[in-house]
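# Inside the fold
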There are 2 protein chains.
Amino acid sequence: MATIYEVAKLAGVSPATVSRVFNGVAVSDEKSAAVRDAAKQLRFTPNRTARTLRKQESEVIALVIPDIENPYFTELARGVEDVAQKAGYSVVLCNTDSQLDKEATYLQIAISEHMAGVILAAASDQTDLDDIRAAGRPVVAVDRGTGYDIDGVVMANRTAGQAATEHLVQAGYRRIACITGPEHIETAAERAQGWRSVMTRQLPEVDVDELLRYSTFRVDGGRESMEALLALPEPPDAVVAANNLLGVGAIQVLTEHGLTPPKLGVAVVGSLPFTTLSPSAVTVVKLPARHMGVTAAKMLLERISGDDQQARTVVLRGEVQPARPAGEAPGSTTSK
Amino acid sequence: MATIYEVAKLAGVSPATVSRVFNGVAVSDEKSAAVRDAAKQLRFTPNRTARTLRKQESEVIALVIPDIENPYFTELARGVEDVAQKAGYSVVLCNTDSQLDKEATYLQIAISEHMAGVILAAASDQTDLDDIRAAGRPVVAVDRGTGYDIDGVVMANRTAGQAATEHLVQAGYRRIACITGPEHIETAAERAQGWRSVMTRQLPEVDVDELLRYSTFRVDGGRESMEALLALPEPPDAVVAANNLLGVGAIQVLTEHGLTPPKLGVAVVGSLPFTTLSPSAVTVVKLPARHMGVTAAKMLLERISGDDQQARTVVLRGEVQPARPAGEAPGSTTSK
DNA sequence: GTGAAAGCGCTAACAC
DNA sequence: GTGTTAGCGCTTTCAC
């Protein structure tokens, strides 16, 4: 690898001038041309490591997420990547598997590599941001809060849970169950709250507690919970899945039991990008994951360039995509 | 951020000794303890940037892939990440959207950040690896070859295409179409070849050319191609989708047309992790994407630690998961 | 086993 | 507008 010194020598200028050319600082046209020529000849690429060491900041941002195999997070990642790339940043994708120790390791690396900032979907509310905050690196929270007073962008989870449930109620379903994620994850709790609020208000006669299942936010969690619900003495006639993966698991089990939606009503909070279902069979509350990534990345970039206003939280709304064309009378055969 | 100088001062030793402690070089027990103490007090984290600059190598590997939203590649990424992490490496995920310029940029960054190596699913066979090879960084190809004589791990694509097609033939289908990816992508071409070889051998009376569609390796590509096939004067009675996303798109369209498999036979090369279909409706040739990632990462790690034997290529086989339990007579109602 | 000192490649004062 | 030079934080000879 050629260095700035070799380029300088070949171009007949000082190393500083070479640096200036590559950093857009004013340099006479002739020298600038000479430098570019020499650089091309030597296949010179600036050494980012040295640059980072000197400037104490790199053009890399970290995106720390709990599950890279969840399409929701890859969609988010796309959003982040698109705006980061336009601004000349690359993004390191860090997968924590919801484990605090993995998360902590990645946060240390972010400090230690002088990364410009991090976008974090926290593994839990226990996440320790003291060090990275102390290092002065901006952090923006996505999807979930952190217990710190920092920028964030989240979904309107309660509203999404309500919307999903309401559509099922309007479709004529009564015993509407809810499968959600781990109780300590804020998105899981909030979406379940949305479900509960609609149930107690609109269907007070239904015993809500036995119809609520906490699980993992994964396909197998949806499967297990759905099986358990079907095994109930009085099984539900519909179910709200609190995220995309739980929805997939639940629908898989229903299909295997011959209960393909809408035989048993299903509403899912989160998009189902790779589903092969008839689009009219399931109510989906689409969550703007990509937009969340875009917004978070923009906020982070602002912080990186020195903005130090008060911490902001942006709330994004899901968009309901109902199971049936409006006006059609639904559910009459499925309600008991 | 504390430096080794501050730690050294507090511990009453030289900076060199601090460095040794953190690099597992022999240091007396007392001094070692003093250093660790001081480091803890100062919340010292070694500065990786300085380390990288000095050692001319970082503990980061790049994983360059065409589509981060494809579950096939995220599964691959998981495999890479798991072995990398155990070896103390972090992995930077780089998404190229199959664009050569984005890919080239990431490759330059890999050089410029002194990354230890790269795992690459090339955007096309035009990919230029001259610079990165010249920089002495090992590159392992995954999923697709590169035109360079380097390590690689690929799927048995032709075999997979054959297996998918054969299962459809055995199920009694005759006019079996094939939807594959861009012609210039080796996996797309090879899987289609597998399909073609079975067709010409076993069903020579079928006109194969009008049943083959080149498309993008994405859901919408599968949708468009399936629509076009259904609009044919003599539509197919079955279809082979050459990757997971094409399969999803094709099945979506079939579902919308009331032709849910197995009414029209479907075989997919690649797993369908988020499908909600009955598992017996579609033949799937499962591709070991995670294993591919694991294998590639191990090969890369070997190269990084100085192994310079001849370039190797590992071929991984898919595993057929047939649409129907063996012994059941299929397809009699669907064949013309 | 330990310390002193050079240097990885770059940027940013500072002089001119 | 341009060159000289110090120094970012670390590792690694080289003495001792």
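Anything mentioned here points back to the structure above.
Summary of the structure given here. Because the structure is a prediction, the values reported are computed rather than measured.

What follows covers the protein's contact with DNA strand D. Around DNA strand D, a shell composed of 26 residues is seen, among which Thr17(A), Arg20(A), Ser28(A), Ile4(B) and Arg54(B) lie nearest. Near the protein, meaning within 4 Å, the atoms of DNA strand D are sugar or phosphate in a fraction of 59%, with bases accounting for the rest. At 3.3 Å from a base nitrogen of DNA strand D is found a main-chain nitrogen or oxygen belonging to Ala50(B). Sort the elements by how many residues they give to the surface near DNA strand D and helix H4 (residues 48-55) of chain B lands first, with four residues.

Residues in close proximity to DNA strand C total 26 residues, the closest being Ile4(A), Arg54(A), Thr17(B), Arg20(B) and Ser28(B). In the interface set of DNA strand C, defined as its atoms within 4 Å of the protein, sugar plus phosphate atoms amount to 63%. One of the side-chain N or O atoms of Ser19(A) is found 2.7 Å from a phosphate oxygen in DNA strand C. Here Arg51(A) contributes a side-chain N or O atom positioned 2.9 Å from a phosphate oxygen of DNA strand C. Among the secondary structure elements, those contributing two or more residues to the surface near DNA strand C are helix H1 (4-11), helix H2 (15-22) and helix H4 (48-55) of chain A together with helix H2 (15-22) and H4 of chain B. Grouping the constituent residues of the surface near DNA strand C by class yields eleven nonpolar, eight polar and seven charged.

Take the pairing of strand S8 (residues 238-241) of chain A next. Residues Ala238(A) and Val240(A) line one face of S8(A) and the alternating positions Val239(A) and Ala241(A) line the opposite face, and both faces are buried. Chirality of the crossover, the property in question, places the unit of S8(A), helix H11 (residues 244-256) of chain A and strand S9 (residues 265-269) of chain A among those that are right-handed.

With that out of the way, let us pick up the interface of chain A and chain B. Every contact between the two is made by 51 residues of chain A and, on the other side, 51 residues of chain B. Carbon and sulfur atoms supply 54% of the area that chain A and chain B bury against each other, a total of about 4600 Å² over both sides. Where chain A packs against chain B, one counts eight salt bridges. Between Arg78(B) and Glu69(A) there is a salt bridge; the shortest N-O distance is 4.0 Å. Counting across the interface, chain A meets chain B through 26 residue pairs in polar contact (both at pLDDT 80 or more). Taken together, the elements giving at least two residues each to the side of chain A that touches chain B come down to H4, helix H5 (71-86), strand S2 (90-95), helix H6 (100-112) and H11 of chain A.

Turning to the sheet that holds S9(A), a few remarks are in order. All names here are of chain A. In spatial order, the strands read S7-S6-S8-S9-S10-S12; together these six strands make up an open sheet with mixed pairing. Pairing within the sheet leaves two strands with one partner each, and these edge strands are strand S7 (212-214) and strand S12 (319-321). Pairs of neighbouring strands in the sheet enclose a mean axial angle of 15°, with direction left out of account. Inspection of the sheet shows strand S10 (residues 283-286) paired to S12 by three bridges, in the antiparallel sense. The residue of S12 that forms the bridge with Val-284 is Gln-321. Sheet strands touched by helix H8 (residues 157-170): strand S6 (176-180), S8, S9, S10 and S12. Its angle to S9, the strand with the most contacts, is close to 165°. Across the sheet, helix H9 (residues 186-202) is in contact with S6, S7, S8 and S9; its angle to S6 comes to roughly 170°.

What counts and how
- Residues numbered from 1 in each chain as written.
- Chains lettered and ligands numbered in written order.
- Predicted model: local features only at pLDDT ≥ 70, side-chain atom pairs only at ≥ 80, totals over all residues.
- Heavy atoms only, no water.
- Near = heavy atom within 4 Å.
- Polar contact = N/O pair within 3.5 Å; in protein donor to acceptor, adjacent residues only side chain to side chain.
- Helix = DSSP H or I, 4+ residues; strand = E, 2+ residues; numbered from the N terminus.
- Nonpolar A, V, L, I, M, F, W, Y, C, P; charged D, E, K, R; others polar.
- Buried < 20%, exposed > 50% of the residue type's maximum accessible area, 1.4 Å probe, protein only.
- Right-handed = clockwise from strand over helix to strand, strands pointing away.
- Contact = heavy atoms within 4.5 Å.
- Buried area = accessible area lost by both parts, 1.4 Å probe.
- Salt bridge = Lys/Arg side-chain N within 4 Å of Asp/Glu carboxyl O.
- Pairing = 2+ DSSP bridges.
- Axes fitted to C-alpha atoms, helices over the stretch in contact; angles between N-to-C directions.

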